[in-house]
Amino acid sequence: MLPIGEAQQKVLEEIPVLGRERLFILEALGRVLAQDVEAVRDVPAADNSAMDGYCLQHKDIAGANLSNPVRLKVVGESPAGKPFTGTLESGQAVRIMTGGLIPNGADTVIMVEDTEREGDFVVCLNDPGFNSHVRFGGEYVRAGETVFKCGDLIGPPEVGMLATLGHAYVYVYQRPVVAILSTGDELVDLDEPFTNGKVVCSNTYSLAAQVIDCGAIPLSLGIASDNIDDLRARLRDGLRADVILTSGGVSVGKYDLVKDTLTEVGMKVKFWKVAMKPGKPLVFGTLGTKPVFGLPGNPTSAMISFEQFVRPALLKMMGRKNLFRPLLDAELAQDVKVSPGRLHLVRCKLFEKDGIRFAVSTGTQSSGSLRSMVMADGLMILPAEKIPFKAGDKIKVQFLHTDNPLSPESHY
Ligand code: AMP
Ligand code: MG
């Protein structure tokens, strides 16, 4: 049986990065840039004021204070968006608002709070220092500068910066379409009668949710019964997808036909069975250049296998550099039984006590129960060669959240 790290490596070796598409910047949120982005102009475009106040020549008010105020003649105003067109001379001031352009001749802004207005004059009660409260043209970004590199992830600040730079469209990596086929004679879909001996097909939905969560596009192929003709026909429906996921039918039961059917339609098996619990019977191969994942049928095994193999693969296809979940250090809050031979991924909750982060099992680890996934903050990574695992042992936890369940309260 293949160790999980090697299996993950074998998967990633087969995964191509997809091509580019051109998107409006807001639609590019969460995507990865497939181009460098150069600034086409300075930001700010010109010198402007960071405060409401008066702009002036610093030498006129050098050393001003309450017992030594300086009077200047107010000769106009420079609100944001409507520049003062004249040239400011010594002894003059121009009323200026935040974002207003600094007129020719001025070099410094004094805050309105440090002045008193007397008719056409302003009295400066303070010396704010040369150039104070002036935001210089190009101070944030210089025209021609490379602001983003190919491979950068686009979050809200990047969207804002692209807008600031005047870019409406950018090239990003495409999103893969992921075909999802559930298999099993016992499965009924949500709109079918639920009779004795049947099982509601949940994998189609949990896997589609995981696909969407990665930023990829699910394509449901419905449920195939455990016969080769139906499996073959439905797999054909999935051929337009970039990735094919099946669940169920990859174990060694009499009706586990998925691996053989995939091979028959041309899949090259790269590996079958991984030394992990849950998720052992996973099969991975390629159909042409298309990656195919035959995930185990048990709902938790399917989800955990997706986390270890499919998620990093989809992220790689979309050009992401960070393919893996955060890995946290934690201390075991209890003994955990681990059988030899396989790496165990134990669903766990995290909690903090006296500054130490502890991991505790969510209880039953039956791979049929989604309950333990619903409760989990993460997965304990327990390599078999390190058994036994005792309370107090230092372990690693694969963290499955994007927020922090350990400190849900506000930071302030
Ligand atoms: P299999 O790998 O086909 O033997 O399936 C293992 C277990 O997972 C069986 O108990 C199946 O009923 C269950 N199972 C398989 N596929 C699904 C599915 N799509 N939704 C929910 N349970 C499933
Ligand atoms: Mg089955």
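Since this is a predicted model, take the numbers as computed values, not measurements.

1. Digging into unusual backbone geometry
In this chain, Val-43 is followed by Pro-44 through a cis amide linkage whose omega measures -10°. In this fold, Pro-44 is placed in the loop between strand S2 (37-38) and strand S3 (48-49). Of note, the phi angle at Asn-131 is positive, near 70°, even though the residue is not glycine. Summarising the element assignment, Asn-131 is placed in the loop between strand S9 (121-124) and strand S10 (134-135).

2. Let's talk about the layout of surface pockets
Taken as a whole, the largest pocket holds about 660 Å³ of empty space. Taken together, 25 residues form the lining of the largest pocket, with Asp-213, Arg-311, Arg-325, Leu-400 and Thr-402 sitting closest to its centre. With five residues, helix H4 (residues 203-214) is the single largest residue contributor to the lining of the largest pocket. Its residues placed into classes, the lining of the largest pocket shows 12 nonpolar, six polar and seven charged. Mapped onto the domain boundaries, the lining of the largest pocket takes at least three residues apiece from domain 1 (4-17 + 175-317) and domain 4 (327-399). Estimated volume of the second largest pocket: approximately 470 Å³. Gly-248, Gly-249, Pro-296, Gly-297 and Asn-298 are, among the 29 residues lining the second largest pocket, the residues nearest its centre. For the lining of the second largest pocket, a count of residues per class yields 10 nonpolar, 14 polar and five charged.

3. Here's the deal with the domain arrangement of the protein
Along its sequence, the protein is organised into domain 1 (4-17 + 175-317), domain 2 (20-40 + 146-173), domain 3 (48-135) and domain 4 (327-399). Taken over C-alpha atoms, the centre of domain 3 sits 64 Å from the centre of domain 4.

4. Some points on the site of ligand 1
Taken together, 16 residues surround ligand 1, and among them Ser-182, Glu-186, Ser-202, Gly-249 and Gly-297 come closest. In the environment of ligand 1, a nitrogen atom lies 3.2 Å from a nitrogen or oxygen atom belonging to the side chain of Ser-182. The backbone of Gly-249 places a nitrogen or oxygen atom 2.8 Å from an oxygen atom of ligand 1. Structurally, ligand 1 is housed in the second largest pocket. For the shell around ligand 1, a count of residues per class yields five nonpolar, nine polar and two charged.

5. Examining the packing of aromatic side chains
Two descriptors summarise a pair of aromatic rings, namely the distance from one centre to the other and the angle between the planes of the rings. The final tally for this structure, using the stated rule, is five aromatic pairs. With 5.6 Å between their ring centres and 35° between their planes, Phe-271 and Phe-284 make a pair best called tilted. Placement of the pair is Phe-271 in strand S18 (residues 268-272) and Phe-284 in strand S20 (residues 283-287), with a sequence separation of 13 residues. A relative accessible area of 0% places Phe-284 in the buried class. Here the aromatic residues Phe-271, Phe-284, Phe-293 and Phe-309 are joined through ring pairs into a cluster of three or more. For the cation-ring pair, Lys-259 lies above Trp-272, with the distance from its terminal atom to the ring centre recorded as 4.1 Å.

6. Quick word on the pairing of strand S23 (residues 343-353)
Along any regular strand, the residues point their side chains to alternate faces of the sheet. Inspection of the sheet shows strand S19 (residues 276-277) paired to S23 by two bridges, in the parallel sense. The residue bridging Met-276 from the neighbouring strand is Leu-343, located in S23. Sheet topology places S23 next to strand S25 (residues 378-382); five bridges connect them, and they run antiparallel. In the sheet register, Leu-345 faces S25, and the bridge partner there is Ile-381. Where S23 and strand S24 (residues 356-361) come together, six bridges link them in antiparallel fashion. From the neighbouring strand, Lys-349 faces S24, where its bridge partner is Val-360. Two successive antiparallel strands, S23 and S24, enclose a turn made up of two residues, where Asp-354 displays a positive phi of approximately 50°.

7. Concerning the sheet that holds strand S7 (residues 108-111)
Strands in a sheet are paired, the pairing made by backbone hydrogen bonds, and the direction either parallel or antiparallel. Across the sheet, which stays open at both edges, the six strands sit in the order S7-S4-S6-S5-S9-S8 with mixed pairing between neighbours. What marks the edges here is a single partner per strand, and that holds for S7 and strand S8 (115-118). Here the average twist between neighbouring strands, direction ignored, is 40°. One ladder, built from four bridges, connects strand S4 (residues 53-56) with S7; its direction is antiparallel. What sits directly across from Gly-53, in S7, is Met-111.

8. Considering empty space enclosed by the protein
The gaps of empty space that remain are located by a probe, the size of a water molecule, rolled over the atoms. Under the definition given, this model contains one cavity of 30 Å³ or more. Here the largest cavity is characterised by a volume of approximately 30 Å³. Forming the boundary of the largest cavity are Gly-30, Arg-31, Val-32, Cys-214, Gly-215, Met-318 and Arg-320. Considered class by class, the residues forming the lining of the largest cavity number three nonpolar, two polar and two charged.

9. Some details on the environment of Tyr-169
Following the sequence through the fold, Tyr-169 ends up in strand S12 (residues 169-173). Taking the relative accessible area as the measure of exposure, Tyr-169 reaches 42% and is therefore partly exposed. Sequence-wise, Tyr-169 and Ala-28 are 141 residues apart; in three dimensions their C-alpha atoms are separated by 8.6 Å. Dropping the residues within four chain positions of it, Tyr-169 is found in contact with Arg-22, Leu-23, Phe-24 and Ile-25.

Calculation criteria
- Residues numbered from 1 in each chain as written.
- Chains lettered and ligands numbered in written order.
- Predicted model: local features only at pLDDT ≥ 70, side-chain atom pairs only at ≥ 80, totals over all residues.
- Heavy atoms only, no water.
- Helix = DSSP H or I, 4+ residues; strand = E, 2+ residues; numbered from the N terminus.
- 1 Å grid on protein atoms, 1.4 Å probe; cavity = no way out; pocket = protein on both sides within 12 Å on 5 of 7 lines; lining within 4 Å.
- Points joined across faces, edges and corners; volume = space filled by probe spheres on them.
- Nonpolar A, V, L, I, M, F, W, Y, C, P; charged D, E, K, R; others polar.
- Domains from an automatic or database assignment.
- Near = heavy atom within 4 Å.
- Polar contact = N/O pair within 3.5 Å; in protein donor to acceptor, adjacent residues only side chain to side chain.
- Sits in = over half its atoms within 2 Å of the grid points.
- Phe/Tyr/Trp six-rings, centres within 6.5 Å; stacked < 30°, edge-to-face > 60°.
- Buried < 20%, exposed > 50% of the residue type's maximum accessible area, 1.4 Å probe, protein only.
- Lys NZ or Arg CZ within 6 Å of the ring centre and 35° of its normal.
- Pairing = 2+ DSSP bridges.
- Axes fitted to C-alpha atoms, helices over the stretch in contact; angles between N-to-C directions.
- Contact = heavy atoms within 4.5 Å.

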